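Topology and contacts: notes
Residue-level listing of the chains:
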Amino acid sequence: MTSFRQRIHAVHLLNDFSGSPLVFQIALDELIQQGHAVELYTATPSGNGFLSRIKSSRNHALFYRWSPNKYLTLLFFLWAQCALFFRLLFSVKKGD
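Note that residues are indexed from 1 along each chain, following the sequence as it is written. Residue-level local features of this predicted model are given only where pLDDT is at least 70; pairs of side-chain atoms are given and counted only at 80 or more, and the full residue set underlies all totals for whole chains, interfaces and linings. Only hydrogens and water are set aside; all other atoms, that is, all heavy atoms of the structure, feed into the side-chain values.

**Considerations on the pattern of salt bridges**
Put simply, the rule is: Salt bridge, as applied in this entry: a Lys or Arg side-chain nitrogen positioned within 4 Å of an Asp or Glu carboxyl oxygen. In this description a helix means any DSSP run of H or I spanning at least four residues, a strand means any run of E spanning at least two, and both kinds are numbered starting from the N terminus. The rule is simple: take the accessible area with a 1.4 Å probe, protein chains only, and divide by the maximum for that residue type; under 20% is buried, over 50% is exposed, in between is partly exposed.
Within this structure, the stated rule accounts for two salt bridges. The salt bridge partner of E39 is R7, with a shortest N-O separation of 3.0 Å. Placement of the pair is E39 in strand β2 (residues 37-43) and R7 in strand β1 (residues 7-12), with a sequence separation of 32 residues. Judged by relative accessible area, which is 5%, E39 ranks as buried. R7 gets classed as partly exposed once you look at its relative accessible area, which sits at 24%. For D96, the salt bridge goes to R7, with nearest N and O atoms at 2.6 Å. On the criterion of sequence distance, the pair formed by D96 in the segment after α2 (70-91) and R7 in strand β1 is long-range, its members being 89 residues apart. Judged by its relative accessible area of 27%, D96 is partly exposed. Through salt bridges with shared partners, a single network forms among R7, E39 and D96.

Below is the structure:
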């Protein structure tokens, strides 16, 4: 592996065994293999799901849960988006 070319901030709310996290995992694995530093923001990065298998430089947990109550799911979604905005606001640098 070569030195890190660029730091990439990758975000995906769901970390399960469905198709979209699988495709995202494949794409991120390729970026890591090319030498990019990947910082992954996802729900329960230490839990079960395709995105838990990624050996990125850093994993960041987002609090997002699905609920049978659509209003509670909306609240979780809004909270995750606001928290993500402020995390990225203070961590993303010009060269990322």
